[in-house]
Amino acid sequence: MSVKSGLRLFSLVSEFVDRAIGADGLPPPVRQKLLGRQLRSIGQMTPALLAASLVVSVIFMVLTWNTARFWPIVIATGTINLLHLHGAFLARPSAWSREDGNAGQTVTRTILYALAIGTMWGVVLNLLPVDQSSTVRGAATIGVGGLLCVSMMALVNYPQALAAFTIPLIIGALGTILGLDTTPDLWAQGALLLAFTFIMVMITFNHAAAFVAHRASETLIQEKREIIGLLLREFEQSNSDWIWGFDADGCINRVSGGFTAATGVPEDALIGADFVYFLSCITPPDDPLMAHLERDIVERQTFQDIELRVTADGKECWWSLTGKPAYDEGGAYLGYIGTGSDVTERKLAERRITMLAHHDPMTGLLNRTKFTEQLNSCVARLERYGTPFSVMFLDLDQFKSVNDSRGHMAGDKLLVQVARRIGELVRDTDMAARLGGDEFAIILPNDGDVDGLARLAGRLIDEIKEPYAIDGDQLTIGVSIGIAMAPVNGTRPDQILRNADLALYRAKADGRSLYRFFETQMDSEAREKRLLEAELRDALDNDELVLYYQPLVSSVDEQPTGFEALIRWNHPIRGLVAPAEFIPIAEQSSLIVDIGDWTVEQACLAAATWPEHLTVAVNLSAKHFRRSDISVGIKRALAISGLAPHRLEIEITEGLLLENLDEVILKLTEIRELGVTIAMDDFGTGYSSLSYLLKFPFDKIKIDRSFVDASSGDEVARDILKTIASLGKTLKLKITAEGVETKEQAEFLADIACHQLQGFYFSRPLDTIDMPHYLLTQVAPQAPAVKAEAEAKLAALAG
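These numbers come from a predicted model, not from an experiment.

1. Focus: the overall build of the protein chain
So, point 1. What the protein chain contains, in helices and strands, is 30 helices and 21 strands.
So, point 2. Intrachain contacts of the protein chain at a sequence separation of at least 6 include 62% that bridge at least 24 residues.
So, point 3. Total accessible area on the protein chain stands at roughly 40,900 Å², and carbon and sulfur atoms take up 57% of it.

2. Observations regarding the side chain of T615
So, point 1. Relative to the helices and strands, T615 is located in strand 16 (residues 615-619).
So, point 2. Leave out the neighbours within four places in its chain, and T615 touches T561, G562, F563, W610, H646, R647 and E649.

3. Observations concerning the sheet that holds strand 1 (residues 241-247)
So, point 1. If you trace the 5 strands from one edge of the open sheet to the other, you get 2-1-5-4-3, paired in antiparallel fashion. Edge positions in the open sheet fall to strand 2 (252-255) and strand 3 (303-312), since each of these has one partner strand only. Strand-to-strand twist across the sheet, computed as the mean angle between neighbouring axes with direction ignored, equals 25°.
So, point 2. Of the strand pairs in this sheet, strand 4 (residues 315-327) and strand 5 (residues 333-342) are connected by 9 bridges, and their pairing is antiparallel. By the bridge assignment, L321 is partnered in strand 5 with G340.
So, point 3. Running at roughly 130° to strand 3, helix 12 (residues 288-298) makes contact with strand 1, strand 3, strand 4 and strand 5 of the sheet.
So, point 4. Sitting on the sheet, helix 13 (residues 344-358) touches strand 3, strand 4 and strand 5, and the angle it makes with strand 4 is about 125°.

4. Regarding the sheet that holds strand 8 (residues 439-445)
Strands pair in a sheet through their backbones, by hydrogen bonds, and they do so in one of two ways: parallel or antiparallel.
So, point 1. Strand order in the open sheet formed by 5 strands is 7-8-6-11-12, with mixed pairing between adjacent strands. Looking along the sheet, the strands with just one partner apiece sit at the ends: strand 7 (431-436) and strand 12 (515-517). The sheet shows a mean angle of 20° between the axes of neighbouring strands, direction not considered.
So, point 2. Sheet topology note: the strand 11 (residues 478-486)/strand 12 ladder contains 3 bridges and is parallel. The residue of strand 12 that forms the bridge with I483 is F517.

5. Considering unusual backbone geometry
So, point 1. A cis geometry characterises the amide bond from A486 onward to P487, with omega recorded as 10°.
So, point 2. Relative to the helices and strands, P487 resides in the loop between strand 11 and helix 18 (493-509).
So, point 3. Of note, the phi angle at Q398 is positive, near 65°, even though the residue is not glycine.
So, point 4. Q398 sits in the partly exposed class, given a relative accessible area of 42%.
So, point 5. Even without glycine at this site, K732 takes up a positive phi of about 60°.

6. As for the packing of helix 23 (residues 630-641) against helix 24 (residues 661-673)
So, point 1. Axis separation between helix 23 and helix 24 bottoms out at 9 Å; the angle between their running directions is 20°. As the angle between them shows, helix 23 and helix 24 are arranged roughly parallel. In this structure, the crossing between helix 23 and helix 24 has a hand that is right-handed. Here I630, S631 and I634 of helix 23 lie close against helix 24, whose contacting residues are K667, E670 and I671.
So, point 2. The residue makeup of the contact of helix 23 with helix 24, split by class, is 3 nonpolar, 1 polar and 2 charged.

7. Here's the deal with the nonpolar core
So, point 1. In terms of nonpolar packing, the biggest core is built from 75 residues, with W610, L648, I650 and L749 touching the most fellow members.
So, point 2. For this core, the element with the most residues is helix 21 (residues 591-607), which contributes 9 residues.
So, point 3. For L749, the residues in contact, after removing those within four places along its chain, are V708, L721, A737, V740, C754 and L757.
So, point 4. Counting residues in each nonpolar core, the second largest holds 33 residues, with L394, L396, L453 and V479 among its members.

8. Concerning the side chain of T344
So, point 1. In this structure, T344 sits in helix 13.
So, point 2. Take T344: its relative accessible area is 14%, and that puts it in the buried class.
So, point 3. A polar side-chain atom of T344 sits 2.5 Å from a polar atom in the side chain of D342.
So, point 4. Leave out the neighbours within four places in its chain, and T344 touches E316, C317 and W318.

9. What about the pattern of salt bridges?
Side-chain pairing between opposite charges can occur once the charged atoms of the two side chains come close.
So, point 1. Evaluation of the coordinates by the stated rule reveals 21 salt bridges.
So, point 2. Note that R406 is salt-bridged to D473, the shortest N-O span being 2.5 Å. A residue pair is termed long-range when its members are at least 10 positions apart, and R406 in helix 15 (residues 399-406) and D473 in strand 10 (residues 473-475) qualify at 67 residues.
So, point 3. In this structure R406 comes out as partly exposed when scored by relative accessible area, which is 44%.
So, point 4. Given a relative accessible area of 32%, D473 falls into the partly exposed group.
So, point 5. Connected via shared salt-bridge partners are D395, D397, K508 and R512.

10. Details of the packing of helix 16 (residues 408-425) against helix 17 (residues 450-464)
Packed helix pairs are characterised by how far apart their axes lie and by the angle those axes make with each other.
So, point 1. Running from N to C, helix 16 and helix 17 cross one another at 150°; their axes reach a closest spacing of 10 Å. The crossing of helix 16 and helix 17 is right-handed. Between helix 16, through V418, R421, I422 and L425, and helix 17, the contact on the second element is made entirely by L456, R459, L460, E463 and I464.

11. Comments concerning the packing of aromatic side chains
So, point 1. Scanning the entire structure with this criterion turns up 19 aromatic pairs.
So, point 2. Judged by centre distance (4.4 Å) and plane angle (20°), the ring pair of W244 and F275 falls under stacked. Of the two residues, W244 sits in strand 1 while F275 sits in helix 11 (residues 275-282), which places them 31 residues apart along the sequence. For the residue pair W244 and F275, the accessibility class agrees, reading buried in each case.
So, point 3. Cation over ring: R718 sits above F748, and NZ or CZ is 4.5 Å from the ring centre.

12. Some thoughts on the confidence of the model for the protein chain
The predicted coordinates of low-pLDDT regions are not to be read in fine detail.
So, point 1. This prediction gives the protein chain a mean pLDDT of 79; 77% of its residues lie at or above 70.
So, point 2. A low-confidence stretch, residues 96-101 (pLDDT under 50), is modelled with 7 contacts involving residues beyond four sequence positions or located in other chains.

13. Side note on the environment of M355
So, point 1. By the secondary structure assignment, M355 is in helix 13.
So, point 2. Counting along the chain gives 11 residues from M355 to L366, while the straight-line C-alpha distance between them is 9.8 Å.

14. Here's the deal with the pairing of strand 17 (residues 648-652)
Side-chain positions along a regular strand alternate between the two faces of the sheet.
So, point 1. Judged by how many residues are buried, strand 17 sits mostly within the fold: 5 of 5 residues are covered.
So, point 2. Burial of the side chains of strand 17 extends over both faces: L648, I650 and I652 are buried on one face and E649 and E651 on the other.
So, point 3. With 4 bridges joining them, strand 16 and strand 17 adopt parallel strand pairing. Following the sheet pairing, A617 is matched in strand 17 by E649.
So, point 4. As defined by bridge partners, strand 17 adjoins strand 18 (residues 677-683) across 4 bridges and the pair is classed as parallel.

15. What about the pairing of strand 18?
So, point 1. With 6 of 7 residues buried, strand 18 lies mostly within the body of the structure.
So, point 2. Two strands pair when backbone bridges link them, and strand 18 and strand 19 (residues 700-703) are joined in this way by 3 bridges, in the parallel orientation. Across the sheet, residue A679 finds its bridge partner in strand 19, namely K700.

Here is what the cut-offs are and how they apply
Residues numbered from 1 in each chain as written. Predicted model: local features only at pLDDT ≥ 70, side-chain atom pairs only at ≥ 80, totals over all residues. Heavy atoms only, no water. Helix = DSSP H or I, 4+ residues; strand = E, 2+ residues; numbered from the N terminus. Contact = heavy atoms within 4.5 Å. Areas by Shrake-Rupley, 256 points an atom, 1.4 Å probe, with all protein chains shown as cover. Pairing = 2+ DSSP bridges. Axes fitted to C-alpha atoms, helices over the stretch in contact; angles between N-to-C directions. Buried < 20%, exposed > 50% of the residue type's maximum accessible area, 1.4 Å probe, protein only. Parallel < 35°, antiparallel > 145°, perpendicular 65-115°, else oblique. Left-handed = near helix turned anticlockwise from the far one by under 90°. Nonpolar A, V, L, I, M, F, W, Y, C, P; charged D, E, K, R; others polar. Core = buried A, V, L, I, M, F, W, Y, C linked by side-chain atoms within 4.5 Å. Polar contact = N/O pair within 3.5 Å; in protein donor to acceptor, adjacent residues only side chain to side chain. Salt bridge = Lys/Arg side-chain N within 4 Å of Asp/Glu carboxyl O. Phe/Tyr/Trp six-rings, centres within 6.5 Å; stacked < 30°, edge-to-face > 60°. Lys NZ or Arg CZ within 6 Å of the ring centre and 35° of its normal. pLDDT = per-residue confidence, 0-100.

Okay, here's the thing in structure tokens:
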């Protein structure tokens, strides 16, 4: 066995022994100290081991005098005793302190010495002529037993060393016994030796476990005492926490530096003063907490964390006092001892927290929690006294664009100024709150006057839309207001809030920067929208959504070059529902993502069956674009359908580019890298269309139908269309004009070099039944395979 293997075996045995005696779970510092105690106990017993070794050595040498075994035994026992002597020298008390920091080497040396001595005794036993004399056999047996007994007593506190000593000794003894003739008495000796060895092991483990538990607890207790003493000294030296005490007569007899610092009174002046009288002098008169503390002291009761407002060293502050009566061993009352601390900062912080708990920290208006509490109080007064009240919901218009363009700090400054203007317009009895973000609310108690509410709402709108000076710039925003009155518009807090919110929603829908009172039909409309949303969730699963396709024709020969996919909802009861009715509802939930992905996939599947020169365009909702990984959905649709990427066009509106422009452009770039065409829809209706053409290289722009409609009789509209066409030529963009309804419009758009035209003049949107006929009759004859396929579909539909 190699040295490395031997060390590994010893490590495993040592770990097993530590687990058996409970030393493995101790903290490292405690384990280190325990190990030192174990080694010292061995050192104290080393002289006993030496004495036993000398006695056995002399007996063995006498018994082998004048024999051939004498000198080998002299050499072996001499070596053993020399090792014992050296071990006793190293284990002397004066050497312990020097080796405390080097316990690892001491452990290794102790184990090696024990192993060497045990091995040498095993060799000695095998050198004895036990087969020649019963006297020698008896002496060997008694010697082995004596050595085992003494070693157990000497090494019992450190079983690893005991094992290192006894295992080779027992092996040597067994070798001696088994080397003799196989007789029953020799086998009995071996059995007894093993049995007593097992008993010795059990006794050793029990004793060592008790030693470890006792010494470890002593070490832990000592460490705790040291820590407590250290903490106590630090506590007494602290200025924020301090110790006080008084004797049986109530006179102060103990103060720490922190106490004198807190009071501003020297220690000499405090010692001997009446503790209760001193406190009564620095606390407010008739303070109930001071009376409580005085009563506890009279009754000799423990008091804890009594917080007194005191005037100390010329300043008002708060103290927290804890005290406990002290008694001697005979039960005689000695006085009190206690601790104190200055909790002024905490008390002031609690006041601030109370303020913040009820008010918005930025604007100083009530927060949502306090607003809800006040609303519940108004409802309670309404139920008890019939007192009416009104609630206004305010939502700032264009605030998000300010926040995004100017940054959140500018947005916060703007909110502060808005809150100030609201506070200046409402009465003292009104309660204005910031509910979060750019949402505000006002409770107007005892107010059910429609005209007065309308005037206040009008003033709020006029005042809030006035310019704001933020960081040297002039900013302008608006506000929309919804108003609900109780009890006319509800008698429960949630009902009143919901109705005010519905009125606010109507104000925004009607154009923003308006106020609206709640009306009953608003609730009906809200319920109708909720019902429609629930039905829309089932529409996808029930295959109620369908796609119509409106042709995109060339302005040169009016031949179809592609189609735009237009979604419809084939409702089982309502019939065909236009997207303007259900898409806004889908955009308010996650349904828009599922519907958008379905539209792209179905459009690609349909286009894959058309002639290869025809494209399909899909208009994506801005909400769908932002809420999903759109490039992944498009890639999946192309993979499922097998459609060439260049045959798919994705149309987006300018509204998509108003928020998070960098993120949107990144997504558009990912789509472009797939080979898909990107088009800007409704071009010319926004404020910054031209700037967006510079930020992202679109492939196509679609002129909004409003310009095409106006071109029939408006020369300005014609000039705008000419300018857009010229711009497209300059930027090498394909131009599509939608909403073409007359021949004159088509000819004019063709003359100014628009590439594609779309509108009722060429075709209305086609369903799946009309599409084969249109492809058969309108698509150029250079696609005979497609023509044959269209004829087959028409025949199938006719059959």
